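A structural walkthrough
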Amino acid sequence: SDSSDDNEAVRRAVHAASRRPVGRRAGVSAEAWGAHASEAPGWTPPVYEKTPEERRQVCEIIRTSHDSKLQIMFGAISAETFDK
């Protein structure tokens, strides 16, 4: 029956949750990236030239997007910065 299937699903979920470790997650590490790359001899950051229309489109996408990640990353950037 549906009720016994539901009960079984709940039992499995409770069992799986009880097996998770309690407390802080174990540390995660990765290769360092950032300042050292800009100190490498001969390294220059990439530049992707855009036409005025492409710049307008990018600004419009960021301004009207409902994606919170775009707003977090670019929402506070001034128009002057985008014009650079």
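Residues numbered from 1 in each chain as written. Predicted model: local features only at pLDDT ≥ 70, side-chain atom pairs only at ≥ 80, totals over all residues. Heavy atoms only, no water.

Overview of the overall build of the protein
Heads up, the rule is: Helical segments are the DSSP runs of H or I of at least four residues, strand segments are the runs of E of at least two, and each set is numbered from the N terminus. Only protein chains enter the accessibility calculation, which uses a 1.4 Å probe. A residue is then buried if its area is under 20% of the maximum for its type, exposed if over 50%, and partly exposed in between.
Scanning the protein for helices and strands turns up 5 helices and 0 strands. Traced from its N-terminal end to its C-terminal end, the protein shows the element sequence α-α-α-α-α. By residue count, 2% of the 84 residues in the protein fall in the buried class.

Details of the layout of surface pockets
In plain terms, the rule: Put simply, the grid is 1 Å and covers the protein atoms alone, a cavity is a trapped set of points that fit a 1.4 Å probe, a pocket is an open set with protein on both sides within 12 Å along at least five of seven lines, and lining residues have an atom within 4 Å of a point. Grid points are joined across faces, edges and corners, and a volume is the space filled by probe spheres set on the points.
A volume near 160 Å³ is recorded for the second largest pocket. What lines the second largest pocket is simply C59, I62, R63, Q71, F74, G75, I77, S78, A79, F82 and D83. Broken down by secondary-structure element, the contributors of at least two residues to the lining of the second largest pocket are α3 (52-64), α4 (68-74) and α5 (79-82). No other element matches α3, which puts 3 residues into the lining of the second largest pocket.

Notes on the environment of E53
Let me state the cut-off plainly: Each polar contact in these results corresponds to two N or O atoms within 3.5 Å; when the atoms are within protein, one needs to be able to donate a hydrogen and the other to accept it, and residues that are neighboring in sequence are counted only if both atoms are side-chain atoms.
Within the secondary structure, E53 is located in helix α3. Assessed through its relative accessible area of 39%, E53 is described here as partly exposed. Separated by 2.8 Å, the side chains of E53 and R56 make a polar contact.

Section: the side chain of S65
Which entries qualify depends on this criterion: Contacts are residue-level and defined by heavy atoms, with any inter-residue pair within 4.5 Å sufficient.
By the element assignment, S65 lies in the loop between α3 and α4. Assessed through its relative accessible area of 19%, S65 is described here as buried. In this structure the side chain of S65 is engaged in a polar contact, spanning 2.9 Å, whose partner is the backbone nitrogen of D67. Sequence-distant contacts of S65, defined by excluding residues within four places in its chain, comprise L70 and Q71.

A few points about the confidence of the model for the protein
Note that predicted coordinates carrying low pLDDT should not be read in detail. Note the cut-off: Confidence of the prediction at every residue is given by pLDDT, a number between 0 and 100.
Mean pLDDT for the protein: 78, with 76% of residues reaching 70 or above. The least confident element of the protein is helix α2 (residues 35-38), whose mean pLDDT is 60; the most confident is α3, at 88.

Quick word on the pattern of salt bridges
Our working definition: Each salt bridge in this description consists of a side-chain nitrogen of Lys or Arg and a carboxyl oxygen of Asp or Glu lying within 4 Å of one another.
Per the counting criterion, the structure on display carries 2 salt bridges. Across the pair R56 and E53 runs a salt bridge whose closest N-O atoms are separated by 2.8 Å. Pair noted here: R56 and E53 are both in helix α3, with a separation of 3 residues, about one helical turn. Judged by relative accessible area, R56 falls into the partly exposed class, the value being 45%. Here E60 and R63 are joined by a salt bridge, their closest N and O atoms 2.9 Å apart. Linking E60 with R63, this pair stays in helix α3, spanning 3 residues, or about one helical turn.

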